[in-house]
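# Remarks on the overall topology
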Amino acid sequence: MCGIVGYIGNRLAVPVLIDGLKRLEYRGYDSAGIAILEGDKIEVIKTKGKVSDLANMVEKKKFMANLGIAHTRWATHGEPNSINAHPHSDCSGDIVLVHNGIIENYLSLKKYLEEKGHTFKSDTDTEVLTHLIEENMKDCKSDSFTDVLFQSLAEVQGTYGLAIINKNYPDSLFIARKGSPILIGKGKDEYIVASDVAAVLRYTREIIYLEDGEIAEINRDGYHVLNSVNDEVQKKVQQISWNLEMIEKNGYDHFMLKEIHEQKNSLENTIRGRLNYEEGTARLDGLIDYIDDLKNAPRIVITACGTSWHAALIGEYLIEEFAGIPVEVEYASEFRYRSPIINEGDIVFVISQSGETADTLGALREAKRKGAIVLGICNVVGSTIARETDAGVYIHAGPEIGVASTKAFTSQVMVLIMIALMLGRMKNLPLERGRNIVNALREIPKLVEDVLKNDRKIKELAKILSNHNNALYLGRGYNFPVALEGALKLKEISYIHAEGYPAAEMKHGPIALIDEHMPTIVIATKDAIYEKIVSNVQEVKARGGTVISIINREDTKIRELSDEVIEVPHTITPLTPIVNVIPLQLLAYYVAIERGCNVDQPRNLAKSVTVE
Ligand code: G6P
């Protein structure tokens with residue numbers, strides 16, 4: 001998704017802006033651009049393609065500016081080319097801005113502005129903003145640019161995170177937010193603004209997040225944030241614990257591989273200080289104020305998108321088994337628009353790695369409007385979802401840069417296990433069972449490390465799988481969502497079409513596809529329905545299909561039936577998703593490498609989807 005960086009201070013702006021854009025590359029983009037106030041002129045340079053291409057173009061020019069804005073664009077309106085790339089300018093070239101989000105009424109605004117004599121250069125929705133501001137400057141009696149911004153943005157429908165420079169305000173950088181994140185990184189006599197904290201971490205860990213409706217004017221010596229009714233607000237400065245090393249590859253070829261290998265540590269961080277063996281439970285401080293509401297909840301709804309939605313499905317199995325509370329899981333994009341029923345006492349959980357996904361945020365707001373208590377499970381501290389939920393649990397997985405989510409997923413599942421355990425122990429889950437779960441949870445990081453060490457076999461299998469165009473993933477019970485997640489990983493980064501299915505559902509359709517060209521990956525670790533999955537494997541084999549199974553080391557039956565196996569260590573059934581997903585992440589990774597795909601920046605995908 002689009003990325004914004006802006007700089008005002010005493011350094012040269014270009015290197016800061018380019019470095020910031022590079023840190024945002026992981027989000028996915030197709031073109032990039034930069035605008036700086038050089039002397040008394042705003043210079044705009046844009047290109048289709050990579051930030052490195054943009055860097056080559058600007059570095060030659062030896063700009064001396066120390067005020068500027070920059071952008072990576074992920075096309076929505078208008079094809080990816082240098083004209084549609086941001087920044088965009090008004091007719092005079094004095095007002096230049098970058099924008100994340102979508103201006104929904106841009107066609108009517110464009111018509112109005114063309115009638116007023118404005119000339120448009122691009123096909124984007126964004127460009128209307130520059131001309132609208134220019135138009136409103138003409139009539140505005142106030143000489144405050146923020147007044148003009150308020151007036152202009154009031155005419156806009158849609159979402160925006162904006163960074164703006166105006167030649168006539170050479171000591172100011174302006175930002176605004178509605179629906180798309182934008183933050184200020186506070187340095188010493190310098191400020192870096194960005195849509196994502198990764199772009200500012202090199203310079204500061206003091207962050208000010210803008211809320212919807214707010215506009216800020218930033219100078220070298222301070223900033224003023226105005227709320228939606230144009231009153232100044234005092235903003236909290238948040239300290240971010242992430243550091244630069246955490247957002248670098250540290251010797252790995254890709255962020256995704258690094259993050260897969262970080263899972264022993266990230267899972268340790270997720271459980272640190274939260275398990276209580278004596279009482280056989282978990283303690284989640286973030287939920288303390290809502291413990292009674294949770295315990296008495298007649299129903300829990302969990303909503304999310306993508307990989308987080310898969311974690312939610314596992315959460316449903318966990319909470320229903322441990323705590324006996326009915327759970328419903330729904331895609332956030334469906335939940336927000338279909339008049340979901342929220343009864344008194346129902347609790348809604350939203351799960352989001354980034355804490356910025358537009359649909360999940362929309363679902364959160366819809367649930368709140370309906371009176372539900374909304375609790376969050378997020379990774380990014382201070383993100384919009386983390387701020388807007390009533391309370392929640394951070395997963396503490398550390399920054400996740402790879403577009404295909406890996407360590408966030410396992411930590412989300414870990415948090416859901418702890419929530420289910422905590423609720424279960426407040427209800428009917430016996431102490432001994434609670435203690436067993438706590439013990440098993442403590443073992444998990446070691447088991448994950450064990451799987452990670454044995455990736456030789458997975459690399460071999462990746463060679464075979466990379467020659468296919470389709471794959472079927474099957475799992476049952478807790479491992480049905482793992483099948484979905486394995487299939488999602490493969491399609492996201494290797495572009496092989498893959499479907500996840502509950503193993504028994506295969507015979508209601510997908511079985512028609514089984515032949516020697518359709519490999520089936522079966523998650524078949526030992527549990528109460530192991531024998532059922534043995535039958536499912538036999539069904540595939542009987543039709544000439546190739547089966548790759550994830551099995552426990554001591555397994556014999558499925559080992560014999562399968563063409564290939566990947567061994568994983570044993571854990572208690574509700575915890576198997578965390579162990580079993582690891583080989584599927586690695587498999588997708590190595591298949592993508594075999595096929596020469598760009599793992600960290602898969603085509604058309606974005607790390608954090610901040611538009612609907
Ligand atoms: C995008 C990402 C996925 C992610 C999903 C939800 O589609 O590519 O990896 O699972 O968004 O993101 P969230 O940040 O809300 O968990």
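Residues numbered from 1 in each chain as written. Predicted model: local features only at pLDDT ≥ 70, side-chain atom pairs only at ≥ 80, totals over all residues. Heavy atoms only, no water.

## Side note on the pairing of strand β25 (residues 520–523)
Selection rule: Three exposure classes are used, based on accessible area relative to the maximum for each residue type with a 1.4 Å probe and protein chains only: buried under 20%, partly exposed in between, and exposed over 50%. Helix and strand definitions here come from DSSP, where helices need a minimum of 4 consecutive H or I residues and strands a minimum of 2 consecutive E residues; each element is numbered from the N-terminal end. Following DSSP output, two strands are said to pair if at least two bridges run between them. With the strands pointing away from the viewer, any crossover whose connection runs clockwise from the first strand over the helix to the second is right-handed.
Where burial is concerned, the two faces of β25 agree: the one with T520 and V522 and the one with I521 and I523 are both buried. Taken together, the four bridges between β25 and strand β26 (residues 547–552) define a ladder with parallel strand orientation. Its bridge partner being in β26, V522 is matched across the sheet by S549. Read as a crossover between parallel neighbours, the route from β25 over helix α17 (residues 530–542) to β26 is right-handed.

## Here we look at the site of the ligand
Using the following cut-off: Being near a molecule or strand, for a residue, comes down to having at least one heavy atom within 4 Å of it. Counted as a polar contact is a pair of N or O atoms within 3.5 Å, where, for protein atoms, one must be capable of donating a hydrogen and the other of accepting one, and residues adjacent in sequence contribute only when both atoms are in side chains. The Shrake-Rupley method, run with a 1.4 Å probe sphere, supplies the accessible areas, and residue values consider only the shown protein chains as cover. When residues are sorted by character, Ala, Val, Leu, Ile, Met, Phe, Trp, Tyr, Cys and Pro go into the nonpolar class, Asp, Glu, Lys and Arg into the charged class, and all the rest, Gly among them, into the polar class.
The immediate surroundings of the ligand are formed by 14 residues, with S308, S352, Q353, S354 and T357 found nearest. In the environment of the ligand, an oxygen atom lies 2.6 Å from a nitrogen or oxygen atom belonging to the side chain of S308. With respect to the ligand, the backbone of Q353 contributes an N or O atom lying 2.7 Å from an oxygen atom. When isolated, the ligand has an accessible area of 390 Å², and the protein chains bury 91% of it. When residues in the shell around the ligand are grouped by element, the largest group, three residues, is from helix α9 (residues 306–323). Looking at the shell around the ligand residue by residue, the class counts come to four nonpolar, eight polar and two charged.

## Quick notes on the pattern of salt bridges
Cut-off, in case you're wondering: Here a salt bridge means any side-chain nitrogen of Lys or Arg lying within 4 Å of a carboxyl oxygen belonging to Asp or Glu.
Applying the stated rule across the entire model yields 40 salt bridges. In this structure, R11 engages E190 in a salt bridge whose closest nitrogen and oxygen atoms are separated by 2.7 Å. Linking R11 in the loop between β1 (3–8) and α1 (13–24) with E190 in the loop between β9 (183–186) and β10 (191–194), this pair joins segments that are 179 residues apart in sequence. By relative accessible area, which is 7% here, E190 ends up buried. D285 serves as the salt-bridge partner of R283, at 2.7 Å between the closest nitrogen and oxygen. Judged by its relative accessible area of 48%, D285 is partly exposed. Each of D19, R23, R202 and E248 takes part in one network of salt bridges that share partners.

## Observations regarding the nonpolar core
Let me state the cut-off plainly: Buried residues of nine kinds, namely Ala, Val, Leu, Ile, Met, Phe, Trp, Tyr and Cys, make up a nonpolar core once their side-chain atoms join them within 4.5 Å. The split into domains, and so the bounds of each, comes from an automatic or database assignment of domains. Should any heavy atoms of two residues lie within 4.5 Å, those residues are counted as being in contact.
Core analysis: the biggest nonpolar cluster contains 99 residues, and I300, I302 and Y473 have the highest contact counts within it. Among the elements that take part in this core, helix α13 (residues 407–426) stands out by supplying 13 residues, more than any other. When we break this core down by domain, the ones giving at least three residues each are domain 2 (249–450) and domain 3 (454–600). Not counting the four nearest positions on each side in its chain, I302 is found in contact with A312, G315, E316, I319, V327, E328, V329, E330, F349, I351 and L416. Counting residues in each nonpolar core, the second largest holds 39 residues, with V5, L24, Y29 and I36 among its members.

## What about the environment of G6?
Position of G6 relative to the elements: it lies in strand β1. A relative accessible area of 0% means that G6 is categorised as buried. Taking the C-alpha atoms as reference, G6 lies 9.3 Å from A35; in sequence the two are 29 residues apart. Discounting chain neighbours no more than four positions away, the residues touching G6 are L17, G68, I69, L173, Y191, I192 and V193.

## Quick word on the packing of aromatic side chains
What counts is decided by this rule: Centres within 6.5 Å make a pair out of two Phe, Tyr or Trp rings, where for Trp the six-membered ring is used; the pair is then stacked when the planes are under 30 degrees apart, edge-to-face when over 60, and tilted otherwise. Geometrically, a charge over a ring is one whose NZ (Lys) or CZ (Arg) sits within 6 Å of the ring centre while staying within 35 degrees of the ring normal.
Summed over the entire model, instances satisfying the criterion amount to seven aromatic pairs. Both rings, one in Y169 and one in F174, keep their centres 5.9 Å apart while their planes meet at 90 degrees; by these two values the pair is edge-to-face. Put simply, the rings of F145, Y169 and F174 pair up and form one aromatic cluster. Looking at R603, its charged tip hangs above the ring of Y495, at a distance of 3.9 Å from the centre.

## A closer look at the domain arrangement of the protein chain
Inclusion rule: Buried area is understood as the total, over both parts, of accessible area removed when two parts are fitted together, assessed with a 1.4 Å probe.
The domains assigned to the protein chain are domain 1 (3–246), domain 2 (249–450) and domain 3 (454–600). Taking the mean C-alpha position of each, domain 1 and domain 2 sit 34 Å from one another. Contacts between the two partners involve twelve residues from domain 1, matched on the other side by 15 residues from domain 2. When domain 1 packs against domain 2, the two sides together hide about 1300 Å² of surface, and 53% of this comes from carbon and sulfur. Broken down residue by residue, the surface that domain 1 buries against domain 2 is led by Y26, W242 and M246, which jointly contribute 43%. In this assembly, domain 1 and domain 2 are joined by two salt bridges. A salt bridge links R365 to D212, with the nearest nitrogen and oxygen atoms 3.0 Å apart. Put simply, domain 1 and domain 2 have seven residue pairs in polar contact (both at pLDDT 80 or more) between them. Within the side of domain 1 that touches domain 2, the residues separate by chemical class into seven nonpolar, one polar and four charged.

## Considering the sheet that holds strand β21 (residues 373–378)
The condition that has to hold: All axes here are fitted lines through C-alpha atoms, helices being fitted over the stretch that makes contact, and every angle between N-to-C directions spans 0 to 180 degrees.
Strand order across the open sheet formed by five strands is β19-β18-β20-β21-β22, with parallel pairing between neighbours. At either margin of the open sheet sits one strand with a lone partner, and together these are β19 (327–331) and β22 (391–394). The sheet shows a mean angle of 20 degrees between the axes of neighbouring strands, taken without regard to direction. By the bridge criterion, four bridges tie β21 to β22 in an arrangement that is parallel. Within β22, the position partnered with I377 by the bridge is V393. Here helix α11 (residues 358–369) sits on the sheet and contacts β18 (300–304), β20 (347–352) and β21; the angle it forms with β20, its principal contact strand, is near 165 degrees.

## Section: helix α15 (residues 456–465)
Just so we agree on the cut-off: Here, the arc refers to the directions that run from the helix axis to the C-beta atoms.
When α15 is considered as a whole, its buried residues turn out to be I458, L461, A462 and L465. For α15, the arc enclosing every buried residue in end-on projection is 110 degrees, short of the 170-degree limit, so these residues lie on one face. Each element contacted by the buried residues of α15 is listed here: β23 (470–475), α16 (480–494), β25, β26, β27 (564–568) and α19 (576–594).

## Examining unusual backbone geometry
Among all residues save glycine, negative phi is the norm, and among peptide bonds the norm is trans. Following H86, the chain continues into P87 via a peptide bond in cis, with omega recorded as 0 degrees. In this structure, P87 sits in the loop between β4 (67–73) and β5 (88–89). The phi torsion at D189 lies on the positive side, around 55 degrees, for a residue other than glycine. Relative to the assigned elements, D189 resides in the loop between β9 and β10. At H396, a position not held by glycine, the phi torsion is positive, near 55 degrees.

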